[in-house]
Amino acid sequence: MIIGVPKEIKNNENRVALTPAGVSEMKKHGHAVYVQATAGLGSGFSDEEYANAGAVVLATIEEVYAIAEMIIKVKEPIASEYPLIKKDQLLFTYFHFASSEPLTHAMLEKGAVCLAYETVEKADRSLPLLVPMSEVAGRMAIQQGAKYLEKPLKGRGILLGGVPGVPPAKVLVLGGGIVGTQAAKMAAGLGAQVTIMDLSLPRLRYLDDIMPANVSTEMSNHYNITKAIATADLIVGAVLIPGAKAPHLITRDMLKLMRPGTVVVDVAVDQGGCIETCTPTTHENPTFIIDDIVHYCVANMPGAVPYTSTLALTNATLPYAVQLANKGWEKACNENEELKKGLNIANGKILYKGVAEAWNLPFNEELVLANA
């Protein structure tokens, strides 16, 4: 198969979807790999390293899309890339269709085959291609939250861990999944007083067992959230419903219950956000303020630490990419249920229920089997 790796062009996105080691692995299986010039520089990989691994380095993104049967990316295509996508071209990347109606319609119209990292799902319901970036984003949420709590950045002016004689900051984490767990661990490690909320009692029991003494668990419901936000200094939104929009746990009118300078970091913003007032921001302009509440809503948080993020992501995605290249998407998806669940759009039809429901579009469950 002919594989293309374009340079990411989303604002301040420095990750790359395939490392030189990944190129070498693809070459070992007999596939041709074309990489756009400077695609890996942000993550610390030179064009020379890609060439030495067996890739052909192409000067422009147009050349990469034109030659490739499968495009491997990190983030969803943006509007300037839509015209480059060919009918039946396989795109393997994060899509988050449920948060972007224009992207959904564009991929349907182009007739592309869209296999989304975020909905590849194992039998135990874990999301192997979302986990590494969730780990990074959860840890980064606390780094960024601690920074924006500083007064020059319009925060409350509180040190997350406090000092002897001065109490630490209070951190509220909404969601006890991968993001929430990593956020709670980081905040606790810095000495904050942490509360983590979730709907699952078994999950709360598990978290209560593994977390240090400065982390408490609480059932997630409107009453408890309303009470907790009144004293929280930093709130991390870490709720995920695979392939679907995140629910709004904090609404616009609830902001008035918070103290001025409180910081909210909505990691779920690329799935619509679990805080109603959050809209996607960029690393260039990461925050905005509504009702004296600092909102940090960067949709590609791991892009700020591209070396770590690229290695973590490609460790997880490469085995699946090799399967797709070796077998083609139809055979690979029918032989591997995990990959099949990652298939969101193909042949102009939606194959993932959460995406169809998000935009009130037809859902076509059996298309993969019909084309196998």
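Residues numbered from 1 in each chain as written. Predicted model: local features only at pLDDT ≥ 70, side-chain atom pairs only at ≥ 80, totals over all residues. Heavy atoms only, no water.

**Student:** Describe in detail the overall build of the protein chain, supporting the description with residues and values.
**Tutor:** Secondary structure assignment for the protein chain yields 13 helices and 15 strands. Overall, the protein chain is about 65 × 45 × 35 Å in size when its C-alpha atoms are taken along their principal axes. Relative to its 372 residues, the protein chain shows a buried fraction of 54%. When contacts within the protein chain are restricted to residue pairs at least 6 apart in sequence, those whose partners lie at least 24 apart make up 62%. (Helix = DSSP H or I, 4+ residues; strand = E, 2+ residues; numbered from the N terminus. Buried < 20%, exposed > 50% of the residue type's maximum accessible area, 1.4 Å probe, protein only. Contact = heavy atoms within 4.5 Å.)

**Student:** Give me helix 4 (residues 101-110): which residues, what numbers.
**Tutor:** Listed as buried for helix 4 are Leu103, Thr104, Ala106, Met107 and Leu108. With a side-chain oxygen lying 3.3 Å from the backbone nitrogen of Leu103, the N-terminal cap of helix 4 falls on Ser100. One or two residues past the end of helix 4 sits Gly111, with phi positive at roughly 70°. (Polar contact = N/O pair within 3.5 Å; in protein donor to acceptor, adjacent residues only side chain to side chain.)

**Student:** Which residues make up the layout of surface pockets, and what are the values?
**Tutor:** Computed from the structure, the largest pocket encloses a volume of approximately 1,200 Å³. As for the largest pocket, its lining consists of 43 residues, and the residues nearest its centre are Gly177, Ile178, Ala238, Val239 and Leu240. Going through the elements one at a time, helix 5 (131-148), helix 6 (178-189) and strand 8 (193-198) are the ones with two or more residues in the lining of the largest pocket. For the lining of the largest pocket, the leading source of residues is helix 5, giving 4 residues. When grouped by side-chain class, the residues that make up the lining of the largest pocket number 25 nonpolar, 11 polar and 7 charged. (1 Å grid on protein atoms, 1.4 Å probe; cavity = no way out; pocket = protein on both sides within 12 Å on 5 of 7 lines; lining within 4 Å. Points joined across faces, edges and corners; volume = space filled by probe spheres on them. Nonpolar A, V, L, I, M, F, W, Y, C, P; charged D, E, K, R; others polar.)

**Student:** Which residues make up the pairing of strand 2 (residues 32-36), and what values go with them?
**Tutor:** Extensive coverage of strand 2 is indicated by the burial of 4 of its 5 residues. Regarding the hand of the β-α-β motif, the stretch spanning strand 1 (residues 2-5), helix 1 (residues 20-28) and strand 2 is right-handed. In this sheet, strand 3 (residues 56-58) lies alongside strand 2 in parallel orientation, the contact comprising 3 bridges. When the bridges of strand 3 are listed, Val35 appears paired with Val57. After leaving strand 2, the chain enters helix 2 (residues 47-53) and then returns to the sheet as strand 3, a path that is right-handed. (Right-handed = clockwise from strand over helix to strand, strands pointing away. Pairing = 2+ DSSP bridges.)

**Student:** Report on a nonpolar patch on the surface, specifying residues and quantitative values.
**Tutor:** Judged by side-chain polarity, Leu159, Val163 and Val166 come together as a nonpolar surface patch covering roughly 270 Å² of accessible area. Relative to the helices and strands, Leu159 is located in the loop between helix 5 and strand 7 (170-174). On the accessibility criterion, Leu159 (55% relative accessible area) is exposed. (Patch = residues over 30% accessible without salt bridge, like charges linked within 9 Å, V, L, I, M, F, W, Y side chains within 5 Å. Areas by Shrake-Rupley, 256 points an atom, 1.4 Å probe, with all protein chains shown as cover. Salt bridge = Lys/Arg side-chain N within 4 Å of Asp/Glu carboxyl O.)

**Student:** Would you mind going over helix 5 in detail, with residue names and values included?
**Tutor:** With 18 residues, helix 5 should cover 26 Å at 1.5 Å per step; its first-to-last C-alpha distance of 25 Å lies within 8% of that length. Among all positions in helix 5, only Pro132, Met133, Ser134, Val136, Ala137, Gly138, Met140, Ala141, Ile142, Gln144, Gly145 and Tyr148 are buried. (Expected span 1.5 Å × (residues − 1).)

**Student:** I'd love a proper account of the side chain of Thr93, names of residues and values included.
**Tutor:** Among the structural elements, Thr93 can be located in strand 5 (residues 90-93). Contacts of Thr93, omitting those with residues within four sequence positions, involve Lys73, Val74, Lys75, Glu76, Leu115, Ala116, Tyr117 and Glu118.

By themselves, these observations are geometric and do not establish any function.
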